[in-house]
Amino acid sequence: MSKNLLLISLIGAVLLSACASAPAASDDGAAEPAPALESVDADPQMVCTSEISEDLDQQRATYVAGLPFPLVTDEDWQRGPADAEVTIVEYGDLQCPNCAALEPLLARLAEENPEDVRVVFRHFPLIGTEEQPLHPLAAQAAVAAEAAGRQDAFWEMHDLLFDRQPQWTTLSDEEFSAWLVDAAGELGLDSAQFAEDLADPELAAMAQEAWDWGVQSGMGGTPFLLINGIPYQWQGDYASLSAVVRLEMLSDEQFIGCPAMTIDPDREYTVTLQTEKGDIVLRLLPDVAPMAVNSFVFLAENDWFDGVSFHRVLPGFMAQGGDPTGTGLAGPGYTFGLEISADWTFDRAGLLAMANSGPTSNGSQFFITYGPAEHLNGAYTIFGEVLDGMDVLENLTARNPAENPDAPSGDLILDVIVEVN
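Residues numbered from 1 in each chain as written. Predicted model: local features only at pLDDT ≥ 70, side-chain atom pairs only at ≥ 80, totals over all residues. Heavy atoms only, no water.

Draft legend 1. A look at the state of the cysteines. Throughout the structure, instances matching the rule amount to one disulfide. Paired through a disulfide, C48 and C258 show a sulfur-sulfur distance of 2.2 Å. Across the S-S bond of C48 and C258 the torsion is about -85°, and the bridge reads as left-handed. One end of the pair, C48, is in the loop between α1 (7-10) and β1 (49-50); the other, C258, is in the loop between α10 (238-250) and β7 (269-275), and 210 residues separate them in sequence. Here C48 falls in the buried class, since its relative accessible area comes to 17%. Take C258: its relative accessible area is 32%, and that puts it in the partly exposed class. Summary of cysteine pairing: C99 is not part of a disulfide, and the nearest cysteine sulfur, belonging to C96, is at 3.2 Å. (Disulfide = S-S within 2.5 Å. Helix = DSSP H or I, 4+ residues; strand = E, 2+ residues; numbered from the N terminus. Buried < 20%, exposed > 50% of the residue type's maximum accessible area, 1.4 Å probe, protein only.)

Structure follows, in structure tokens:
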């Protein structure tokens, strides 16, 4: 296994303008009701394609090394374990409203993933120029955070400035200085020492240098994020940010290369999905869709589905799972093509099929129908059917991430048991 990382999806991301509104997050689109697609003549033995190469780690390292952003060191302000799997670096402006909106989302990510997420804050105060000033108090706010940092209270001042941003952004320089000294006292700092540090020319120079460096580095605004060293365009919501982090965390579990073909089309394969709501027993169709069955069995035997949710459950249509991130965006690190049989169509409930976003994008995500869905014929591979447990399937918690991407997680698959006769 190796990291599938964000190399392809994040390289070249368009950066947000300074403190601008973010566009809405896009839907992943897998197995959604859609107009009938033209049938695709697919070779049942279509070669599986690996999405991960053994040198991908090196490719990413080379790419990150070519960026202007320094590696995280002990000198950085950081929260979370140093060995976290995901490090999020924010270049932020303490007067930026979008940065303030981002902070609780970063805190939530860290809280939900205490061993796996580290958050780093670096200053990019949007000072501007004398002719075109941007945030007039941003530099002073950065200095205040650093001054508090000299008393081991950087994060306390950081959080207070963001939490109370509406209180101070309209103050004059003198009023803001007095406000900051009061805030330092409220935090239990030595107010006299804080006031002295607040006037330190060295810290003022630090703020100016941070602005100059950010401009020279090509950062278009704040918040500017790096996720494990690669620029990420924050979409303005928790679901999209969390999805990227989950994808990054999944990368160690993905597979280099495709599974060897080990199933026997002449044997019978029965699968039991043990879920939180009960068991669903499926018969696989190795003679109809050998690639899909072989992949499903391989993933089941490698515990890929254990603890994975049914992330999209649309009553009357289908229940979809198979993505460990629960986002509908992830796969096992390889893809394969359609296997279409004229003898198997979406004419009833209980059909097991591969979810995809195109004819060669089958991976680990699957769905089971709640009823006829003939508009899917020719576009999705049917590779099994329900033998028992339709009542369990129909009792799964409805969940539509297209309408509510931040909904609670769906019902979990606890284990997948494969029997061969």
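Draft legend 2. Broad picture of helix α2 (residues 56-65). Within the sequence span of α2, burial applies to L56, R60 and V64. Considered in projection along α2, the buried side chains sweep an arc of 70° and stay on one side of the axis. In α2, the exposed positions angled more than 90 degrees off the buried face are occupied by Q58 and A65. (Arc of directions from axis to C-beta.)

Draft legend 3. How the structure looks around the packing of helix α4 (residues 138-149) against helix α5 (residues 154-163). In contact at an axis separation of 7 Å, α4 and α5 are set at 150° when each is read in the N-to-C sense. Regarding the angle of α4 to α5, the classification is roughly antiparallel. Packed against α4, whose contacting residues are A141, A144, A145, E146, A148 and G149, the element α5 presents F154, M157 and L161 at the interface. A class-by-class count of the residues in the contact of α4 with α5 yields seven nonpolar, one polar and one charged. (Axes fitted to C-alpha atoms, helices over the stretch in contact; angles between N-to-C directions. Parallel < 35°, antiparallel > 145°, perpendicular 65-115°, else oblique. Contact = heavy atoms within 4.5 Å. Nonpolar A, V, L, I, M, F, W, Y, C, P; charged D, E, K, R; others polar.)

Draft legend 4. Fine view of the sheet that holds strand β16 (residues 412-420). Sheet architecture is open: nine strands sit in the order β9-β16-β7-β8-β15-β13-β14-β11-β10, paired in antiparallel fashion. Two strands close off the open sheet at either side, each with one partner strand: β9 (308-309) and β10 (312-314). In the packing of helix α11 (residues 290-301) onto the sheet, the strands contacted are β7, β8 (278-284), β13 (351-354), β14 (366-369), β15 (382-388) and β16, and the crossing angle to β16 comes to about 115°. (Pairing = 2+ DSSP bridges.)

Draft legend 5. Focus on the nonpolar core. In this structure, L273, L284, F296, F366 and F383 are the most contacted members of the largest nonpolar core, which totals 38 residues. Those elements giving two or more residues to this core turn out to be β7, β8, α11, β13, β14, β15, α12 (390-394) and β16. Residue contributions to this core peak at seven residues, all from α11. Ranked by size, the runner-up nonpolar core spans 31 residues in total, among them A141, A148, F154 and M157. (Core = buried A, V, L, I, M, F, W, Y, C linked by side-chain atoms within 4.5 Å.)

Draft legend 6. Summary view of the side chain of S217. Mapped onto the fold, S217 is located in helix α9 (residues 201-217). Note on S217: relative accessible area 18%, which makes it buried. From its side chain, S217 meets the backbone oxygen of W213 in a polar contact 2.8 Å long. If near-sequence neighbours (up to four positions away) are discounted, S217 is found in contact with P68 and F69. (Polar contact = N/O pair within 3.5 Å; in protein donor to acceptor, adjacent residues only side chain to side chain.)

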